[in-house]
Amino acid sequence: MKRRLGYLEVIAGPMYCGKTEELIRQVKRATIGKKKVQVFKPAIDLRYGRDKKLYSHAGHTFDSEMVKSAKDILPLVDKKTDIIGIDEAQHLGEELVEVVETLLSRGKQVIITGLALTFDRKPFTPIPTLMAIADRVTKLSAICMLCGEEAVYHKRVGAVHTTASSLEPDPAFIAKLDDAVFQARCRRCWEK
Ligand SMILES: [Zn+2]
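Residue positions are given per chain, counted from 1 along the sequence in the order it is written. Local features are withheld for residues below a pLDDT of 70 in this predicted model, meaning they are given only at 70 or higher, and side-chain atom pairs are given and counted only at 80 or more; totals for whole chains, interfaces and linings count all residues. Processing note: side-chain calculations cover all non-hydrogen atoms of the structure and skip hydrogens and water entirely.

Caption draft 1: Highlighting helix H1 (residues 19-32). Every helix listed is a DSSP run of H or I at least four residues long, and every strand listed is a run of E at least two residues long, numbered separately from the N terminus. Take the number of residues in a helix, subtract one, and multiply by 1.5 Å to get its expected span. Between its first and last C-alpha, H1 extends 20 Å over 14 residues, near the 20 Å set by a 1.5 Å rise per residue. Accessible area is worked out with a 1.4 Å probe on protein chains only. A residue is then buried under 20% of its type maximum, exposed over 50%, and partly exposed in between. When H1 is considered as a whole, its buried residues turn out to be Lys19, Thr20, Glu22, Leu23, Ile24, Gln26, Val27 and Ala30. Lining the buried residues of H1 we find strand E1 (7-13), strand E2 (37-42), strand E3 (53-55), strand E4 (61-63), strand E6 (83-86) and strand E7 (109-115). Looking one or two places after H1, you find Lys34, whose phi comes out positive at around 65°. Should any heavy atoms of two residues lie within 4.5 Å, those residues are counted as being in contact.

Caption draft 2: Representation of the coordination of the zinc ion in the model. The zinc ion binds to the protein through Cys144 (SG), Cys147 (SG), Cys186 (SG) and Cys189 (SG), with metal-donor distances spanning 2.3 to 2.4 Å. With four donor atoms in place around the zinc ion and angles of 103 to 117° between them, the coordination shape is tetrahedral. The sequence motif formed by the donor residues of the zinc ion is C-x2-C-x38-C-x2-C. Of this pair, Cys144 sits in the loop between strand E9 (142-143) and strand E10 (150-151) while Cys186 sits in the loop between strand E12 (182-185) and helix H6 (187-190), and the two are 42 residues apart along the sequence. Each metal's donors are the N, O and S atoms within 2.8 Å of it, or within 3.2 Å when it is Na, K or Ca, and because water is not part of the set, sites may look incomplete. Key to geometry: four donors with every angle between 85 and 135 degrees are tetrahedral; four donors are square planar and six octahedral where opposite donors lie over 155 degrees apart and all remaining angles lie between 65 and 115; all other sites are irregular.

Caption draft 3: Focus on the UniProt feature "active site" (unreviewed entry) in the protein. UniProt positions are given in the numbering used here, feature names are shortened, and annotations may be inferred rather than shown by experiment. Under the UniProt annotation, "active site" (unreviewed entry) lies at Glu88. Position of Glu88 relative to the elements: it lies in the loop between E6 and helix H3 (95-105). Since its relative accessible area comes to 9%, Glu88 is described here as buried. The term polar contact refers here to a pair of N or O atoms within 3.5 Å; inside protein, the definition further demands a hydrogen-donor-capable atom paired with an acceptor-capable atom, and it admits residues adjacent in sequence only when both atoms are side-chain atoms. Side chain to side chain, Glu88 and Gln90 meet in a polar contact 2.7 Å long.

Caption draft 4: Quick peek at the nonpolar core. The criterion is simple. A nonpolar core is a set of buried Ala, Val, Leu, Ile, Met, Phe, Trp, Tyr and Cys residues joined through side-chain atoms within 4.5 Å. The biggest cluster of nonpolar side chains holds 25 residues, and the ones touching the most others in it are Ile73, Ile86, Leu96 and Ile112. Considering every element that reaches this core, the biggest residue donor is H3, with six residues. Core analysis: the second largest hydrophobic core is formed by 11 residues, Ile11, Ile24, Val27 and Phe62 among them.

Structure (structure tokens):
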């Protein structure tokens, strides 16, 4: 029997561009199509609390498993899984590239979301590398919070608060906190 070819899609862009929303849309469709889906997210992403779901800014959710590092993903992947989603992959570092290559060699479809750039416009490892080896790259933009143009960057406009509290943070509160710290900006307004 011929083995299936792996397929990698990277959904990249700045904060607030709807990356997680797009991932949730795709995995929900796949589930309707009777595909077996597993979604992972880094344990560092505590913005919406410590539960295991993906949350989009638009309020959609999908079940996911939390991993502390990229190498934790492979042992958790079921043989029967068709599609593996990895959200906020910029937190999983360079070693994610090898993990993704392994999944692809096993014929899996992998969908990754991540920030292509840091808030100071530096390439955000490992997303640019994954974009280079991807079959398909979906680059999303946000809306500039100053002028309404297409925003390909996000900028830090306040101090970063940690949410490493043992309390369950209220999602709405944490989202507001995020918005106070980072803003989507277009090329022109990034300099301001
Ligand atoms: Zn602007």
